[in-house]
Number of protein chains: 2
Amino acid sequence: MNRQDDYGAVVAWVEGLEQGCGPLAGFTFAAKDIFDVAGLPTAAGNPDFAERWGLPTQDAWAVAALKRAGARLVAKTHTHELAYGMTGLNPHFGTPQNPRVPGGIPGGSSSGSAVAVAAGLVPVALGSDTAGSVRIPASFCGVYAYRPTHGAIPTQGVVPLAPSYDTVGLLAADPALMERFARVLLSEALPVVGFERAVVMSDALELSTPEVQRAVEQVAQRLRALGIATLEKRLGLLEAARETQRVLQGAEAWGFHQEWLEAQQPRLGEDVRRLLEMASRLTPGEIGRALSEQVRLRAEMGAWLSPSTLVLLPATPSPAPMVEELQDPEQALAFRWRTLGLTCYASLLGAPVVSVPVVQPGAKPVGVQLVGPWGSDMGLLHLARKAFG
Amino acid sequence: MNRQDDYGAVVAWVEGLEQGCGPLAGFTFAAKDIFDVAGLPTAAGNPDFAERWGLPTQDAWAVAALKRAGARLVAKTHTHELAYGMTGLNPHFGTPQNPRVPGGIPGGSSSGSAVAVAAGLVPVALGSDTAGSVRIPASFCGVYAYRPTHGAIPTQGVVPLAPSYDTVGLLAADPALMERFARVLLSEALPVVGFERAVVMSDALELSTPEVQRAVEQVAQRLRALGIATLEKRLGLLEAARETQRVLQGAEAWGFHQEWLEAQQPRLGEDVRRLLEMASRLTPGEIGRALSEQVRLRAEMGAWLSPSTLVLLPATPSPAPMVEELQDPEQALAFRWRTLGLTCYASLLGAPVVSVPVVQPGAKPVGVQLVGPWGSDMGLLHLARKAFG
């Protein structure tokens, strides 16, 4: 095993057991440092969190499932603090370096997992995705990502951010391997549905740079070559959706951390501190209206996803920005807001996503999201393998 | 048509059109006064609400759908104020009288709809159900009720209470007719699933009086006679579920009414005023934790509802209490809390329910809920017709 962590992705190496047997035998994986591993602290990117959380006595469900299937856990990887951020910049533990974009941010919150995969340390890594946390670093680091149907993979033993949106996701170098790992993780056997149509969300394209627009077109071409019809449509709900997710995710994150923050006054990075402070000032009326709005949005946004239709939109509005551009918390929060506009569609719906990396000659990588209806996980993974594997 | 409203169920008679044609031709219906009817005010049980809401220029979706199918709207019926209450007592417009239990409360919030059906004014009436508002008055008045899968019947043109739980429901004298009306209202054709097992929720029985327990056993017997196996199980989550619904429904109700209440200071009955005041004092942390708890509860409670399994529990912990017992707002809120313990199971899940009335010799009527998995609406309605029609 290559234990040379040139890009600062790894929190801790894990002593591997002997080779297991099962469908994942022979493969190694890493897990974001919000997944419990028995006997190792779970820091969640914060210097005081491990103490509050307590030393895990058992593995997170997903870690245990992959091990049982024969895969070998070799490392725990860095995360944006408390998994509550999209840049991957971490003032306490250092920021993993993007192997594909020198000086570029890794993206977050599953920063170390994306970097570990992009750097070739592991072929697959566990991440989490609440509002884009596997899709964003995958886009910036040029790897594949999978966010499951909400609830389809147990989150037991994973530090929560906002359970209404939290999912256990994957980052992978190869779509076939990602499919193989996903099959092990899905608690229920899901059918492989086929797709006949892909809707390209035009308002999402308008939020993105020309190179990102070209990447989406490139993916659309590949789908057409497989006989999938593509058409452009305007959703017109992304503004409302990201505001709704901002409020509800904030309330849940604050709800989970409130007691610890108030009682222990732990160290917090400036960006995370601001997000939690904003959440602590939400009023019951604001949250109540966001809940009602979510019902409307889910009905309207979900209507696009008929059983044989997927939705295509960029994972991020641009390739990886430079680290210097996002050091300022103000800039980091503005970046968050822009990016949330593209990731909120699937997050708010709880719909599954496969994000595929597109690398154009001379350009930085960028990810394109394929969003399918609930439970179409295996269909999306299968399609990604056929189209891009 | 019988226009003699001996029990005070009707807000306003509606001038009927000529007989229509379609699957509901020849049937009349009433609609709770939170459903818009073009040209008539929507008072929602509050003396100042109609002005705020504005005079409807079109029928609510459900009213229009029933009319299109040939049914004739003949009356708008009384509701608990703002549909936010379970007694049906209304200090502004008067309380409909329970035709089956002299001096008993009608139950709410769809009080007038249940009374209109029980009194034989109409065979079917539209109600709404957020936390039991068709099931509770149906139980007390001895009629059938149907709460659909959340989202399966459009709520457009209905005054919201808490859209995350709001549904358009039915009250009916006969399960075959209820099934016929439901088929028209369901926006999507749902398959008629069969049931093999019924789980009797034992902790729900313990919250109920002996006569209610006997009613559940009577329904279980009828199901066994149809070849459905019954077994008792303890859920152990009803306390947590009702607290979660209390918080989240409160936040949504407050979110919807806040601006009006603060700007206009409308008249409000004491029980509704207290509920809204409590909701206005919820903190973002409380609401956030309730959101997270809801995810856990939905996963655990939903696990009982496999495709061929339904859950059996009482609709109310007792038959109709007397009006005098619940005049005091303190008593009304305690009654609400007890009753919510039985209705919250399906409401929090968004699962469909058919409530069937059981009348034992010499006893007051009481309803028993048949709760099925999402989308099993037609299966439940079909079963109710077969077993009790």
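Sequence order as written defines the numbering, with residues in each chain counted from 1. Working convention: letters from A go to chains and numbers from 1 go to ligands, in the order in which they are written. Confidence filtering applies because this is a predicted model: local features only for residues at pLDDT of at least 70, side-chain atom pairs given and counted only at 80 or more, and all residues used for totals across whole chains, interfaces and linings. By convention in this description, side-chain values take in all heavy atoms of the structure and omit both hydrogens and water.

### Let's talk about the overall build of chain A
The helix and strand inventory of chain A stands at 12 helices and 11 strands. Relative to its length of 389 residues, chain A is compact, with a C-alpha radius of gyration of 19 Å against a globular reference of 21 Å. For chain A, the spread of C-alpha atoms along the three principal axes comes to 55 × 50 × 40 Å. When accessible area is computed with a 1.4 Å probe and restricted to protein chains, residues below 20% of their type maximum are described as buried, those above 50% as exposed, and intermediate ones as partly exposed. Burial statistics for chain A: of 389 residues in total, 62% are counted as buried. In this text, helices come from DSSP runs of H or I with a minimum length of four residues, and strands from runs of E with a minimum of two, each type numbered from the N-terminal end. When we talk radius of gyration, it's over C-alpha atoms, and the globule rule is simply 2.2 Å times the number of residues to the 0.38.

### Some points on the packing of aromatic side chains
Each aromatic ring pair is summarised here by two numbers: the centre-to-centre distance and the angle between the ring planes. Residues and elements named next belong to chain A. Only rings of Phe, Tyr and Trp enter the pairing, Trp through its six-membered ring, and a pair is recorded when the two centres are within 6.5 Å. The plane angle decides the type: under 30 degrees is stacked, over 60 is edge-to-face, the rest tilted. For the structure on display, the rule yields 8 aromatic pairs over all chains. A ring pair is formed by Phe49 and Trp260, whose centres lie 5.5 Å apart and whose planes are at 85 degrees; its orientation type is edge-to-face. Here the residue Phe49 occupies a position in helix H1 (residues 49–53), and Trp260 occupies one in helix H8 (residues 238–264), the gap between them amounting to 211 residues. Like Phe49, the residue Trp260 is buried in the burial classification.

### Digging into the pairing of strand S11 (residues 366–371) of chain A
One face of the sheet, then the other: side chains in a regular strand alternate in exactly this way. Residues and elements named next belong to chain A. Along S11, 6 of the 6 residues are buried, which leaves the element largely enclosed by surrounding structure. The alternating pattern of S11 places Val366, Val368 and Leu370 on one face and Gly367, Gln369 and Val371 on the opposite face, and all of these are buried. The pairing of strand S9 (residues 309–314) with S11 spans 4 bridges and is classified as antiparallel. Within the sheet, the bridge partner assigned to Leu312 lies in S11 and is Leu370. Strands pair, by our definition, only if DSSP identifies at least two bridges between them.

### Re the UniProt feature "domain: Amidase" (unreviewed entry) in chain A
UniProt positions are given in the numbering used here, feature names are shortened, and annotations may be inferred rather than shown by experiment. Under the feature "domain: Amidase" (unreviewed entry), the UniProt entry names residues 21–381 of chain A. Secondary structure content for residues 21–381 of chain A is 40% helix and 15% strand, and the end C-alpha separation is 24 Å.

### Examining the nonpolar core
Looking at soluble globular proteins, one finds that nonpolar side chains tend to be buried together. Counting residues in each nonpolar core, the largest one holds 233 residues, and the members touching the most others are Leu126(A), Tyr345(A), Leu126(B) and Tyr345(B). For this analysis, residues touch if any pair of their heavy atoms sits within 4.5 Å. Apart from residues lying up to four places away in sequence, Tyr345(A) is in contact with Met201(A), Leu235(A), Leu238(A), Met301(A), Trp304(A), Leu305(A), Val311(A), Leu313(A) and Val371(A). To define a nonpolar core, start from buried Ala, Val, Leu, Ile, Met, Phe, Trp, Tyr and Cys residues and group those joined through side-chain atoms within 4.5 Å.

### Considerations on the packing of helix H8 (residues 238–264) of chain B against helix H9 (residues 270–280) of chain B
All names here are of chain B. Running from N to C, H8 and H9 point in directions that differ by 100 degrees, and their axes come no closer than 9 Å. Relative to H9, the element H8 lies roughly perpendicular. Judged by residue contacts, Gly250, Ala251, Ala253, Trp254 and Leu261 of H8 engage Leu276, Ala279 and Ser280 from H9. Residue polarity is assigned by list, with Asp, Glu, Lys and Arg as charged and Ala, Val, Leu, Ile, Met, Phe, Trp, Tyr, Cys and Pro as nonpolar; anything else, Gly included, falls into the polar class. Counted by class, the contact of H8 with H9 contains 6 nonpolar, 2 polar and no charged residues. Axis definition: a line fitted to C-alpha atoms, limited for helices to the stretch in contact. Angles are taken between N-to-C directions and run from 0 to 180 degrees. For classification, angles of less than 35 degrees are called roughly parallel, those exceeding 145 degrees roughly antiparallel, those between 65 and 115 degrees roughly perpendicular, and all remaining angles oblique.

### Overview of the sheet that holds strand S8 (residues 229–233) of chain A
Backbone-to-backbone hydrogen bonds pair the strands of a sheet. The strands run either parallel or antiparallel. Residues and elements named next belong to chain A. Within the open sheet, the 11 strands sit side by side as S1-S3-S2-S4-S6-S5-S10-S11-S9-S7-S8. Their pairing is mixed. This sheet does not close on itself; its edge strands, each paired only once, are strand S1 (10–13) and S8. Going from strand to strand, the sheet's axes swing by 25 degrees on average, the running direction of each strand aside. With 3 bridges connecting them, S1 and strand S3 (residues 72–77) associate as antiparallel partners. Looking at S3, one finds that Val10 is bridged to Thr77. On top of the sheet, helix H12 (residues 377–388) reaches strand S5 (144–147), S9, strand S10 (353–358) and S11; it is set at about 15 degrees to S10, its chief contact.

### Observations concerning the relation of the copies chain B and chain A
Least-squares fitting of one copy onto the other uses the C-alpha atoms of those residues that reach a pLDDT of at least 70 in both copies. The two copies are related by a screw motion: chain B maps onto chain A through a turn of 180 degrees and a shift of 0.0 Å along the axis, at an RMSD of 0.0 Å. Considering both components of the superposition, the chain copies are consistent with a two-fold axis. Among all C-alpha atoms of chain B, that of Pro284(B) lies closest to the rotation axis, at 3.1 Å.

### Considering the environment of Ser208(A)
All names here are of chain A. The residue Ser208 is located in the loop between helix H6 (202–206) and helix H7 (210–225) in this model. According to the relative accessible area criterion, Ser208 is buried, its value standing at 9%. C-alpha separation for the pair Ser208 and Arg338, spaced 130 residues apart in sequence, amounts to 9.4 Å. If sequence neighbours within four positions are ignored, Ser208 has contacts with Gln213, Pro314, Thr316, Pro317 and Leu342.

### Looking at helix H7 (residues 210–225) of chain B
Residue and element names in this part refer to chain B. Helix span, as expected, comes to 1.5 Å for every residue beyond the first. Taking 1.5 Å of rise per residue, the 16 residues of H7 would be expected to cover 22 Å, and the 23 Å separating its terminal C-alpha atoms lies within 8% of that figure. Within the span of H7, buried status applies to Val212, Ala215, Val216, Val219, Ala220 and Leu223. Buried positions in H7, seen along its axis, are confined to an arc of 140 degrees and lie on one side of it. With respect to the buried face of H7, the exposed residues turned more than 90 degrees away are Pro210 and Ala225. It is the directions from the helix axis to the C-beta atoms whose arc is reported.

### Digging into the packing of helix H5 (residues 175–185) of chain B against helix H12 (residues 377–388) of chain B
Residues and elements named next belong to chain B. In contact at an axis separation of 8 Å, H5 and H12 are set at 160 degrees when each is read in the N-to-C sense. Taken together, the axis directions place H5 and H12 in an arrangement best described as roughly antiparallel. Along this stretch, H5 crosses H12, giving a crossing that reads as left-handed. Where H5 abuts H12, its residues Pro175, Ala176, Met178, Glu179, Ala182 and Arg183 lie against Met378, Leu381, His382, Ala384, Arg385 and Phe388. In this scheme the handedness of a crossing depends on how the near helix is turned from the far one: anticlockwise by less than a right angle means left-handed, clockwise means right-handed.

### Side note on the interface of chain B and chain A
Listed per partner, the contact involves 20 residues of chain B and 20 residues of chain A. Throughout, buried area stands for the accessible area (probe radius 1.4 Å) lost by two parts on being put together, summed over both. Around 1500 Å² of area is buried between chain B and chain A when both sides are counted, 65% of it from carbon and sulfur atoms. The largest per-residue losses of area from chain B upon contact with chain A belong to Pro284(B), Leu291(B) and Val295(B), which jointly make up 32% of the total buried on that side. When a carboxyl oxygen of Asp or Glu is within 4 Å of a side-chain nitrogen of Lys or Arg, the pair counts as a salt bridge. At the junction of chain B and chain A, the tally comes to 0 salt bridges. Under this definition, polar contacts are N or O atom pairs within 3.5 Å; protein pairs additionally need one hydrogen-donor-capable and one acceptor-capable atom, and for neighbouring residues in sequence, both atoms have to be side-chain atoms. For the pair chain B and chain A, the number of links is 6 residue pairs in polar contact (both at pLDDT 80 or more). Counting only elements with at least two residues in the side of chain B that touches chain A, the list comes to H8, H9 and helix H10 (284–302) of chain B. Tallying contributions element by element places H10(B) first for the side of chain B that touches chain A, with 8 residues. Taken together, the residues of the side of chain B that touches chain A sort by class into 10 nonpolar, 8 polar and 2 charged.

### Details of the pattern of salt bridges
Residue and element names in this part refer to chain A. Tallied over the full model, the rule gives 37 salt bridges over all chains. Among the ionic pairs, Arg183 bridges to Glu179, the shortest N-O distance being 3.6 Å. Taken together, the residues span about one helical turn, with Arg183 and Glu179 both in helix H5 (residues 175–185) at a distance of 4 residues. A relative accessible area of 4% means that Glu179 is categorised as buried. One continuous salt-bridge network, built from bridges that share partners, spans Glu270, Arg273, Arg274, Glu277, Arg281 and Glu330.

### A look at the layout of surface pockets
Residue and element names in this part refer to chain B. Using protein atoms alone on a 1 Å grid, points that fit a 1.4 Å probe yet trap it form a cavity, whereas open point sets bounded by protein on both sides within 12 Å along at least five of seven lines form a pocket; residues with an atom within 4 Å of a point count as lining. Grid points are joined across faces, edges and corners, and a volume is the space filled by probe spheres set on the points. Taken as a whole, the second largest pocket holds about 250 Å³ of empty space. Every residue lining the second largest pocket is counted, 13 residues in all, and those nearest its centre are Arg246, Leu275, Met278, Arg336 and Trp337. For the lining of the second largest pocket, the secondary structure elements donating two or more residues are H8, H9 and helix H11 (329–349). A per-class count over the lining of the second largest pocket returns 8 nonpolar, 3 polar and 2 charged.

### Observations concerning the sheet that holds strand S9 (residues 309–314) of chain B
Residue and element names in this part refer to chain B. Pairing is mixed in the open sheet, where 11 strands are placed in the order S1-S3-S2-S4-S6-S5-S10-S11-S9-S7-S8. Unpaired on one side and paired on the other, strand S1 (10–13) and strand S8 (229–233) mark the two borders of the sheet. The sheet shows a mean angle of 25 degrees between the axes of neighbouring strands, direction not considered.

### A few points about unusual backbone geometry
Outside of glycine, negative phi angles account for most residues, and trans bonds account for most peptide bonds. Residue and element names in this part refer to chain A. The omega angle of the peptide bond from Gly108 to Ser109 is 5 degrees, so this bond is cis rather than trans. You can see Ser109 is positioned in the loop between S3 and helix H3 (111–118). Even without being a glycine, Gln265 presents a positive backbone phi close to 45 degrees. Turning to its location among the elements, Gln265 is positioned in the loop between H8 and helix H9 (270–280). For Gln265, a relative accessible area of 63% corresponds to the exposed category.

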